[in-house]
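Each chain, written out:
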Amino acid sequence: MTARADEVYVVGCGMHPFGRDASVTGMDMAEHAVREALRDAGVGWADIGYAAGGSDVSGKPDTLVGRLGLTGVPFVNVLGGCATGASTVLAVANALRAGEATLGLAVGFDKHERGAFHVSAARYGLGDWYAETGMMLTTQFFALKTQRYLHEYGISERALAMVAARAFRNGSHHPMAWRRKPLTEQEILDSAEVSPPLTQYMFCSPGQGAVALVLARGDRAFDLCERPVRLASVALRTRRFGSFEVFSPWLPPGPHRSPSVDAAEAVFRGADVRPADVRVAQLQDTDSGSELIHLAETGLCGHGEQEELLASGDTDPTGRLPVNTDGGCLAGGEPVGASGLRQFHEVVRQLQGRAAGVQVPGAPRVGFTHVYGAPGISACSVLTV
């Protein structure tokens, strides 16, 4: 089969297991993921004509050329918070579409220390007063946003436990996940309260891991891969005036619009598919409340419908809309540079019928990814076979 040269496909993917591994550095994990992706695509590093990489704390990605080979390849460093991984894919895809290369590579990695993310207010253009309120601690922000959302749409706190319980069930079957022990809804509700209404097991943890993808133009993809996955559309959006996002110091009265709404609308329009066409989805689940909110913001369900969707099993791997089939951030942790690419890795393998964990039945043909992070940035993609 042949495809148009301006189309972009994923033809290889590689991953270093998420979790904590004191025996390797972030760069070690990145090198492992890249070599796995190259092997999966059946190509060598010298074949890559364009690369982009992202890491929040574990080094400059372009220095990987010292390990992989000094070929002179253009290598762009990307830093976009939780949207870093998707941004690397967007950068590589645009380069391929522009004719700069026929093969490209996206890689993301990080090795975070234990404990909550700690960042300075000045880095986000805020004064010290904001940090002194405690709102630079993201657990506080997400809890407040979740509390308000549950109240507005009549959703119970048990729905938060349903999200986490499903994540840990899925993670228990996935060899790359960090949290591999399933927990019941009651165990999650009874765990230590962190920021009401969110308990210990409703939050992900800063983690460690790496993921890489090999992308190809349409005129090369089917020569390299038996079942390449088309990158039908990718969209990145930042916050609008008045939206209430991570590290936002104020919230105006009246309706406000999330960048996730804008990114999702753009990506579905670009791919010419509807949210109802999605058969496997990855959503940013920094915490259980975030997944609930993002289900509706991306158009996968209506506001207030999430609890019924979860209770019916529709978001389970065998349901109508499987969500975070690898356990998401809740089971995998969040190495910032890698978490968005983890979503691509899972959706690609699901669409190819070779998932590392639980395989979605029925040969799904449309997948969706969504990331969201500080200070209000979101990226979505649609992948198809």
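From a predicted model like this one, the values you see are computed outputs, not experimental measurements.

## Describing the pattern of salt bridges
Point 1. One pass over the full model with this rule turns up 21 salt bridges.
Point 2. Arg354 is paired through a salt bridge with Asp40; the nearest N and O atoms lie 2.7 Å apart. With Arg354 in the loop between helix 13 (336-351) and strand 10 (366-373) and Asp40 in helix 1 (residues 26-41), this residue pair connects regions lying 314 residues apart in the sequence.
Point 3. Accessibility expressed as a relative area gives 28% for Asp40, which makes it partly exposed.
Point 4. One salt bridge connects Arg123 with Asp56, and the closest N-O pair in it is separated by 3.4 Å. Within this pair, whereas Arg123 is found in the loop between strand 4 (103-111) and helix 4 (128-132), its partner Asp56 is found in the loop between strand 2 (50-54) and helix 2 (65-68), the two being separated by 67 residues in sequence.
Point 5. Salt bridges here are not isolated pairs; linked through shared partners, they connect Asp28, Glu31, Arg35 and Arg67.

## Here's the deal with the pairing of strand 4
Point 1. With eight of nine residues buried, strand 4 lies mostly within the body of the structure.
Point 2. Where strand 2 meets strand 4, five bridges bridge the pair, whose relative direction is parallel. Looking across to strand 4, one finds that Ala52 is bridged to Ala106.
Point 3. Sheet topology note: the strand 4/strand 7 (residues 208-217) ladder contains nine bridges and is antiparallel.

## Quick word on the nonpolar core
Point 1. Core analysis: the largest hydrophobic core is formed by 48 residues, its most contacted members being Phe268, Leu300, Phe368 and Val382.
Point 2. Apart from residues lying up to four places away in sequence, Leu300 is in contact with Phe268, Pro275, Val278, Ala281, Leu283, Leu295, Leu321 and Phe368.

## Re the state of the cysteines
Structurally, a disulfide amounts to a covalent bond that connects the sulfur atoms of two cysteines.
Point 1. Inspection of every chain in the model, using the stated rule, returns zero disulfides.
Point 2. Among the cysteines around Cys204, which has no disulfide bond, Cys329 carries the closest sulfur, lying 5.0 Å off.
Point 3. Overall, the relative accessible area of 12% leaves Cys204 in the buried class.

## Considering the UniProt feature "domain: Thiolase C-terminal" (unreviewed entry) in the protein chain
Point 1. In the numbering adopted here, UniProt assigns the feature "domain: Thiolase C-terminal" (unreviewed entry) to residues 260-382.
Point 2. Spanning residues 260-382, this segment combines 40% helix with 14% strand, and its end C-alpha atoms are found 14 Å apart.

## Comments concerning the domain arrangement of the protein chain
The parts lose accessible area when they come together, and the size of an interface is often stated as this lost area.
Point 1. Domain boundaries assigned for the protein chain yield domain 1 (8-115 + 210-223) and domain 2 (136-205 + 231-384).
Point 2. Look at where the C-alpha atoms of domain 1 and domain 2 centre, and you get two points 23 Å apart.
Point 3. The partner domain 2 presents 29 residues to the 38 residues of domain 1 that form the contact.
Point 4. For the pairing of domain 1 and domain 2, the buried interface totals around 2700 Å² over both sides, and the portion due to carbon and sulfur atoms is 73%.
Point 5. For the interface between domain 1 and domain 2, the tally reads one salt bridge.
Point 6. One can count six residue pairs in polar contact (both at pLDDT 80 or more) joining domain 1 with domain 2.
Point 7. Per-element accounting of the side of domain 1 that touches domain 2 gives the leading share, 10 residues, to strand 1 (residues 8-19).

## Section: the pairing of strand 10
The two faces of the sheet receive side chains in turn, since in a regular strand these alternate between them.
Point 1. Most of strand 10 is tucked away: eight of the eight residues are buried.
Point 2. Because side chains alternate across strand 10, one face comprises the buried residues Val366, Phe368, His370 and Tyr372, and the other comprises Gly367, Thr369, Val371 and Gly373, equally buried.
Point 3. Here strand 9 (residues 280-282) pairs with strand 10 via three bridges, running parallel. Bridge pairing in strand 10 links Ala281 to Phe368.

## Some remarks on the packing of aromatic side chains
Point 1. Tallying each qualifying case throughout the model produces eight aromatic pairs.
Point 2. Their ring planes at 90° and their centres at 6.4 Å tell us that Phe168 and Tyr201 sit as a pair that is edge-to-face. Of this pair, Phe168 sits in helix 6 (residues 157-172) while Tyr201 sits in the loop between strand 6 (198-199) and strand 7, placing them 33 residues apart in sequence.
Point 3. Given a relative accessible area of 4%, Phe168 falls into the buried group.
Point 4. Three or more aromatic residues joined by ring pairs form one cluster here, namely Phe141, Phe142 and Phe244.
Point 5. Above the plane of the ring of Trp178 lies Arg179, whose end atom (NZ or CZ) is 3.9 Å from the centre.

## Thoughts on the layout of surface pockets
Point 1. The space that makes up the largest pocket amounts to roughly 740 Å³.
Point 2. Together, 36 residues line the largest pocket, and Phe117, Thr138, Pro206, Glu334 and Val336 are the ones closest to its centre.
Point 3. Within the residue set of the lining of the largest pocket, elements represented by two or more residues are helix 5 (138-153) and strand 10.
Point 4. Of all the elements, helix 5 adds the most residues to the lining of the largest pocket, at three residues.
Point 5. Looking at the lining of the largest pocket, its residues break down into 19 nonpolar, 10 polar and seven charged.
Point 6. Looking at which domains feed residues into the lining of the largest pocket, each of domain 1 (8-115 + 210-223) and domain 2 (136-205 + 231-384) supplies at least three.

What counts as what
- Residues numbered from 1 in each chain as written.
- Predicted model: local features only at pLDDT ≥ 70, side-chain atom pairs only at ≥ 80, totals over all residues.
- Heavy atoms only, no water.
- Salt bridge = Lys/Arg side-chain N within 4 Å of Asp/Glu carboxyl O.
- Helix = DSSP H or I, 4+ residues; strand = E, 2+ residues; numbered from the N terminus.
- Buried < 20%, exposed > 50% of the residue type's maximum accessible area, 1.4 Å probe, protein only.
- Pairing = 2+ DSSP bridges.
- Core = buried A, V, L, I, M, F, W, Y, C linked by side-chain atoms within 4.5 Å.
- Contact = heavy atoms within 4.5 Å.
- Disulfide = S-S within 2.5 Å.
- UniProt positions renumbered as here; feature names shortened; annotations may be inferred.
- Domains from an automatic or database assignment.
- Buried area = accessible area lost by both parts, 1.4 Å probe.
- Polar contact = N/O pair within 3.5 Å; in protein donor to acceptor, adjacent residues only side chain to side chain.
- Phe/Tyr/Trp six-rings, centres within 6.5 Å; stacked < 30°, edge-to-face > 60°.
- Lys NZ or Arg CZ within 6 Å of the ring centre and 35° of its normal.
- 1 Å grid on protein atoms, 1.4 Å probe; cavity = no way out; pocket = protein on both sides within 12 Å on 5 of 7 lines; lining within 4 Å.
- Points joined across faces, edges and corners; volume = space filled by probe spheres on them.
- Nonpolar A, V, L, I, M, F, W, Y, C, P; charged D, E, K, R; others polar.

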